[in-house]
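Here's the letter readout for the chains.
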Amino acid sequence: QLRRLFGSTVPAFPPKFYLAMTKSMADERRSQLEQYLQNVTLDSNITNSDVFIGFFRKLQQDTFKIETQRASLDVYLADGSNVRLDIQTSDTAERILEVTSYKMGLSRELIGYFSLFFIQDHSDGALSVVKKVAEFELPYVSLQSMKELHCKLGIRKWYMDPSLDILLMDCRASMNLLYIQAIQEIERNWIKPTEGEMQELEFLQKTANKRKFLELVREMQFYGYIRLDPCICDYPEVGCSADIYVGNNEINCCIKLPTNQTKEVSFKISRLRCWQVTLLGAEKDGEEETLELRFEYRDSDKWQWIIFYTKQAFLMSSCLKKIISEQMMKASKEGQEM
């Protein structure tokens with residue numbers, strides 16, 4: 001099926017080869033296919049094609065046995081309010097984002113600055129952004145398959161460069177989305193204002209001065225970053241726990257060492273050569289499958305692999321792709337101006 005969809009770039013082996021494969025060979029083959037499928041989604045010419053979208057729409061519906069029919073779907077904003085949509089169960093995330101944006105009055109040219117995400121609200125007040133919804137994904141179907149995680153579908157801004165806020169300030173709907181997301185992230189301790197800055201923000205919030213509020217919050221620590229849930233990493237030694245923020249051209253980690261000391265580390269994107277996401281599988285029956293993200297990093301003129309074990313590995317990978325694409329677009333624009 002892969003070769004029919006994507007052509008001869010998918011390596012093929014004779015039928016007898018599969019019978020002769022050892023477990024290690026099968027694991028390697030599985031890993032290669034995982035990497036291939038991840039790389040395929042980087043090519044917009046493929047992911048936007050009718051063949052690709054049709055293939056994955058049918059795959060998702062067949063897997064979870066959901067037929068095409070009318071349904072309702074709630075898309076949540078950062079302040080807890082929601083937009084209720086009448087949809088088809090086979091509608092893609094791209095289609096649902098367009099309809100949501102229309103109902104909110106968001107300018108069509110600004111839709112690309114936002115995306116849909118699967119989100120968890122925890123009883124302790126914490127917020128988890130589980131993953132970004134792929135454009136060809138069927139949100140209704142995915143939510144049915146994630147019922148045990150109690151996820152909801154939310155709309156959030158989707159860019160990593162805070163300076164891009166300026167492009168959205170002249171549209172009331174987009175500015176409101178930025179405003180309520182900033183308030184949410186302050187309340188959930190993603191953004192870390194000083195006591196003095198917090199007083200200024202509270203005053204601007206009371207006077208409903210959204211523009212000034214956003215101008216002020218843009219200068220604060222971790223604004224524009226995505227925070228991941230605490231996870232395990234192997235740096236600087238195996239078994240460390242880490243709080244991760246991704247943004248501003250870095251992966252910022254507050255690492256707890258086995259000695260209970262903490263260490264703050266900033267991995268600069270400019271020193272990162274490549275990364276990969278791997279599904280490790282569940283260690284025992286009934287346990288949640290584990291994801292691994294590893295990246296090759298140059299530290300003191302020496303390359304090394306840094307590994308994070310996190311269920312948000314795909315979200316982290318999406319953030320890294322976004323940072324690099326924004327850097328390339330910025331460099332291209334500057335080159336044209338020169």
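Residues numbered from 1 in each chain as written. Predicted model: local features only at pLDDT ≥ 70, side-chain atom pairs only at ≥ 80, totals over all residues. Heavy atoms only, no water.

Participant: I keep staring at the overall build of the protein and nothing clicks. Help me out?
Facilitator: Regarding its fold elements, the protein presents 11 helices and 12 strands. Here the C-alpha atoms of the protein give a radius of gyration of 21 Å, agreeing with the 20 Å that 2.2 N^0.38 yields for 338 residues. Counting only C-alpha atoms and orienting by the principal axes, one finds that the protein spans roughly 70 × 55 × 50 Å. Sorting the 338 residues of the protein into buried and exposed places 43% on the buried side. Long-range pairs, those at least 24 residues apart, make up 54% of the contacts in the protein with a sequence separation of at least 6. (Helix = DSSP H or I, 4+ residues; strand = E, 2+ residues; numbered from the N terminus. Rg over C-alpha atoms; globule rule 2.2 N^0.38 Å. Buried < 20%, exposed > 50% of the residue type's maximum accessible area, 1.4 Å probe, protein only. Contact = heavy atoms within 4.5 Å.)

Participant: Please explain helix 9 (residues 195-206) as it appears in this structure.
Facilitator: In an α-helix, one turn spans 3.6 residues; hence positions three or four apart end up facing the same way. With 12 residues, helix 9 should cover 16 Å at 1.5 Å per step; its first-to-last C-alpha distance of 17 Å lies within 8% of that length. Taken from the residues just after helix 9, A208 is the one with a positive phi, measuring 55°. (Expected span 1.5 Å × (residues − 1).)

Participant: Looking at this model, I keep getting lost on the packing of aromatic side chains. Mind explaining?
Facilitator: The geometry of an aromatic ring pair comes down to the distance between the two centres and the angle between the two planes. One pass over the full model with this rule turns up 14 aromatic pairs. Ring plane angle 80° and centroid distance 6.1 Å describe the contact between F295 and Y297, whose orientation is recorded as edge-to-face. Residue class for Y297 comes out buried when judged on its relative accessible area of 5%. Each member of the aromatic cluster is reached from another via a ring pair, and the members are Y235, F267, F295, Y297 and F308. Across the ring face of Y76, the terminal group of K152 is positioned such that the distance to the ring centre comes to 4.8 Å. (Phe/Tyr/Trp six-rings, centres within 6.5 Å; stacked < 30°, edge-to-face > 60°. Lys NZ or Arg CZ within 6 Å of the ring centre and 35° of its normal.)

Participant: Could you clarify how one ought to interpret helix 10 (residues 210-217) in this entry?
Facilitator: Taken together, the buried positions of helix 10 are occupied by F213, L214, L216 and V217. An end-on view of helix 10 places all buried positions within 160° of arc, on one side of the element. Next to the buried residues of helix 10 lie helix 8 (172-187) and helix 9. (Arc of directions from axis to C-beta.)

Participant: Quick question: what am I supposed to make of the domain arrangement of the protein here?
Facilitator: Frequently, the measure chosen for interface size is the accessible area removed from exposure when the parts meet. The assigned domain composition of the protein is domain 1 (1-48), domain 2 (70-156), domain 3 (162-218) and domain 4 (226-337). Once you take the C-alpha centre of each, domain 3 and domain 4 turn out to be 27 Å apart. Carbon and sulfur atoms supply 57% of the area buried between domain 3 and domain 4, which totals about 360 Å² over both sides. Three residues, L164, W190 and K192, lead the burial of domain 3 against domain 4; their summed loss comes to 78% of the area buried on that side. Between domain 3 and domain 4 we count 3 residue pairs in polar contact (both at pLDDT 80 or more) in total. Partitioned by chemical class, the residues of the side of domain 3 that touches domain 4 number 2 nonpolar, 1 polar and 2 charged. (Domains from an automatic or database assignment. Buried area = accessible area lost by both parts, 1.4 Å probe. Polar contact = N/O pair within 3.5 Å; in protein donor to acceptor, adjacent residues only side chain to side chain. Nonpolar A, V, L, I, M, F, W, Y, C, P; charged D, E, K, R; others polar.)

Participant: Teacher, can you tell me more about the pattern of salt bridges here?
Facilitator: In a structure, side chains of opposite charge can pair up when their charged atoms sit close to one another. Within the structure shown, the criterion is met by 17 salt bridges. In this structure, D165 engages K157 in a salt bridge whose closest nitrogen and oxygen atoms are separated by 3.9 Å. Considered together, D165 and K157 belong to a single accessibility category, that of buried residues. The closest approach of N and O atoms between K268 and E250, which form a salt bridge, is 3.7 Å. With a gap of 18 residues between them, K268 in strand 9 (residues 262-268) and E250 in strand 8 (residues 250-256) connect regions that are remote in the sequence. Residue classification places E250 among the buried residues on the basis of a relative accessible area of 8%. What you see here is one network of salt bridges that share partners, running through K23, D27 and R30. (Salt bridge = Lys/Arg side-chain N within 4 Å of Asp/Glu carboxyl O.)

Participant: Before we go on, may I ask you to explain the sheet that holds strand 1 (residues 70-76) in this structure?
Facilitator: Pairing between sheet strands relies on hydrogen bonds along the backbone, with the strands arranged either parallel or antiparallel. Spatially, 2-1-5-3-4 is the arrangement adopted by the 5 strands of the open sheet, whose pairing is mixed. Each end of this open sheet is capped by a strand with a single partner; those strands are strand 2 (82-88) and strand 4 (127-132). The sheet shows a mean angle of 40° between the axes of neighbouring strands, direction not considered. Where strand 1 and strand 2 come together, 7 bridges link them in antiparallel fashion. When the bridges of strand 2 are listed, S72 appears paired with D86. Of the strands in this sheet, strand 1, strand 2, strand 3 (114-121) and strand 5 (152-157) touch helix 6 (residues 93-104), which is tilted by about 135° from strand 2. Across the sheet, helix 8 touches strand 3, strand 4 and strand 5, and the angle it forms with strand 5 is around 110°. (Pairing = 2+ DSSP bridges. Axes fitted to C-alpha atoms, helices over the stretch in contact; angles between N-to-C directions.)

Participant: Sorry, what's going on with the pairing of strand 12 (residues 302-309) here?
Facilitator: Both faces of the sheet carry side chains from a regular strand, because those side chains alternate between them. With 2 bridges connecting them, strand 6 (residues 226-233) and strand 12 associate as antiparallel partners. Counted as the bridge partner of C233 is F308 from strand 12. Across 8 bridges, the pairing between strand 11 (residues 290-299) and strand 12 is antiparallel. Bridged to Y297 within strand 12 is Q304.

Participant: I keep staring at the packing of helix 8 against helix 10 and nothing clicks. Help me out?
Facilitator: Packed helix pairs are specified by the crossing angle of their axes together with the interaxial distance, meaning the distance between the axes. Following both chains from N to C, one finds helix 8 and helix 10 inclined at 50°, their axes separated by 10 Å at the closest point. By the angle class used here, helix 8 and helix 10 are oblique. Of the two elements, helix 8 crosses helix 10, and the hand of that crossing is left-handed. Touching M175, N176, L178, Y179, A182, I183 and I186 of helix 8 are K210, R211, F213, L214 and V217, all from helix 10. Its residues assigned to classes, the contact of helix 8 with helix 10 comprises 9 nonpolar, 1 polar and 2 charged. (Parallel < 35°, antiparallel > 145°, perpendicular 65-115°, else oblique. Left-handed = near helix turned anticlockwise from the far one by under 90°.)

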